[in-house]
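# Structure at a glance
Listed below, chain by chain, are the residues.
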Amino acid sequence: MRVAIVGGPGIGKSTLVRQLGDLYHNGSYGEGEKGVWDPRVLEDIERGRNPIGVTAYFARLYDANYRDAAAHDANGKVIFFEGARITLEAHLAEYAAEYHAELRRVLAIGDAWNPDRVIVLTSSTDTIDKHIRQRARPFENAENMVRRFRLIDGEFRRLAPLYPNTVVIDRDNKEFHEREGLLQIIRLARLPQFKEIPYEQMDRFGG
Amino acid sequence: MLKRVFFALLLLLNPALALASGPDQNLQVIPLPRDGEVLVSFKLDEALTDEVRAAIHSGLTIKFVYKVDLRRSSAVWMDRTIASAVVTATVRYDTLTRLYHYSRTLDGRIEFADTTEKEDVAWSALTREFQRLSLFRGTPLEANAEYYVRVRANASPHSNAFVWPWQGDDAMGFAKFTFVK
């Protein structure tokens, strides 16, 4: 089973993908950040340049993840991804209409991914503002990120009903570093139960 | 008649007491004190009837509204409401796509929205999928004090054309708990 986690910038996608991947032990694929991405991509995102190149870059990055996962997906496995086709489409709103026709051609890269479940994370702007300031990535301007979040979050909410197997979840009051927060996401997204690693009181360990 | 008036008065003055002597609840409530707050689970224990199925399949938006009160029992006078929350579960059947669109709001704010082909999942979303809801975060609770959570449900559209699973206007459930810090 392939589960994609998507949402606007600063919503907590990377944290949730990592935490759920660690909980299920079947693997997870983040989209990366500075250090992983070509440095020119960050600069172009901040300045709103090269929309087709930026979108194609992330489409290829996601495609590499989905292709790799296909090689070891199996019954009973739950593999998590950051990003899906809806992500590429939601980000179209950031760019001028003149680019949209070409950007839609890029979207076709994601036609074959078809995750079994897509979780769209949404949140109040206050929460986003707090997260962005907390993570304090040097290349991110908080005001600009919040503005981008509002725009992209609106697009995710609009597009979600058009994509199959997609659930929109408000992440406010759900802490991804607490078990209860992860359980809430698992319940709301109707994901299969994970296998708990047993923890026992032990004086000796032997067969 | 006298018995009904007496029961209504009893309910008004002390619902927890009325619960102890009242009929079986079709709305089951489970409060769980944890990490300084109380998480609330509840479910309306009713099967999907043909009348309700028809109402859903008509394409109308069906809404179940659960009013959840956190209350403090009083031995001598009326119980006190400490905090309240409104949980609304909504299902709309799209007759073209044959998909059920369902969602839940907490105090008017959408907590999640999803779609399903399965009728039982949609019905569950209206009646049963209320687990460990954090409705009263930040409400100060007194250590070792007795509280109870009361949940009242009603449905819309509300007319004689539709027969809801419960009798009368509201289904109701309670559960007591002691807040241990």
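Above: the structure in question.
These notes cover the structure that comes with them. (Residues numbered from 1 in each chain as written. Chains lettered and ligands numbered in written order. Predicted model: local features only at pLDDT ≥ 70, side-chain atom pairs only at ≥ 80, totals over all residues.)

### So, the overall build of chain A
Applicable threshold: Strands are runs of DSSP state E lasting at least 2 residues, helices are runs of H or I lasting at least 4, and numbering of each runs from the N terminus. Atoms considered for the radius of gyration are the C-alpha atoms alone. The globule rule reads 2.2 Å times the number of residues to the power 0.38. Counting other C-beta atoms within 10 Å of each residue's C-beta, where C-beta atoms are placed from the backbone, gives the exposure class: buried for 20 or more, exposed for 12 or fewer, partly exposed between. It is the C-beta atoms, placed from the backbone, that decide contacts: two residues are in contact if theirs lie within 7 Å.
Secondary structure assignment for chain A yields eight helices and five strands. Along the chain direction, N to C, the helices and strands of chain A fall in the order β-α-β-α-α-β-α-α-β-α-α-β-α. Its C-alpha atoms give chain A a radius of gyration of 18 Å, near enough to 17 Å, the size a compact globule of 207 residues would have. Here the C-alpha coordinates of chain A stretch approximately 65 × 35 × 35 Å along the principal axes. A total of 207 residues make up chain A; the buried ones form 37% of that total. Put simply, of all contacts in chain A between residues at least 6 apart along the chain, 76% involve residues at least 24 apart.

### Some thoughts on the pairing of strand β1 (residues 27–34) of chain B
Within a regular strand, the side chains alternate between the two sheet faces. Residues and elements named next belong to chain B. Definition in use: Between any two strands, at least two bridges found by DSSP are needed for them to pair.
Inspection of the sheet shows β1 paired to strand β2 (residues 37–44) by eight bridges, in the antiparallel sense. Its bridge partner lying in β2, Pro33 is registered against Val38. Remark: two residues form the turn of the hairpin made by β1 and β2, two consecutive strands paired antiparallel; Asp35 in that turn has positive phi of roughly 50 degrees.

### Description of the sheet that holds β1(B)
Residue and element names in this part refer to chain B. Note the threshold: Fitting a line to C-alpha atoms yields each axis, with helices limited to the stretch in contact; the angle taken between N-to-C directions then spans 0 to 180 degrees.
A sheet is described by the order of its strands in space; here three strands give the open sequence β1-β2-β7, paired in antiparallel fashion. Since the sheet does not close on itself, it has two edges, and those belong to β1 and β7 (130–134), each with one partner. With direction set aside, neighbouring strand axes in the sheet form an average angle of 20 degrees.

### Describing the nonpolar core
Within soluble globular proteins, side chains that are nonpolar tend to cluster in buried spots. Definition in use: Think of a nonpolar core as buried Ala, Val, Leu, Ile, Met, Phe, Trp, Tyr and Cys residues, each tied to the set through C-beta atoms within 7 Å.
Counting 47 residues, the largest nonpolar core has A:Ile5, A:Val6, A:Ile119, A:Val120 and A:Ile169 as the members making the most contacts within it. Ranked by the residues each element gives to this core, the list is headed by helix α3 (residues 51–70) of chain A, at six residues. Dropping the residues within four chain positions of it, A:Ile169 is found in contact with A:Ile119, A:Val120, A:Leu121, A:Ile185, A:Leu188, A:Ala189 and B:Phe112.

### Digging into the interface of chain B and chain A
How we decide: Ten residue types, Ala, Val, Leu, Ile, Met, Phe, Trp, Tyr, Cys and Pro, are classed as nonpolar, four, Asp, Glu, Lys and Arg, as charged, and the remainder, Gly among them, as polar.
On the chain A side, the residues contacting the eleven residues of chain B number eight residues. Secondary structure elements with two or more residues in the side of chain B that touches chain A: β6 (109–116) and β7 of chain B. With seven residues, β6(B) is the largest single contributor of residues to the side of chain B that touches chain A. Of the residues contributing to the side of chain B that touches chain A, the split by class is three nonpolar, four polar and four charged. Here strand β5 (residues 166–170) of chain A pairs with β6(B) via two bridges, running antiparallel. Each bridged residue has a counterpart across the sheet, and for A:Val168 the counterpart in β6(B) is B:Ala113.

Without other data, these values stay purely geometric and don't point to any function.
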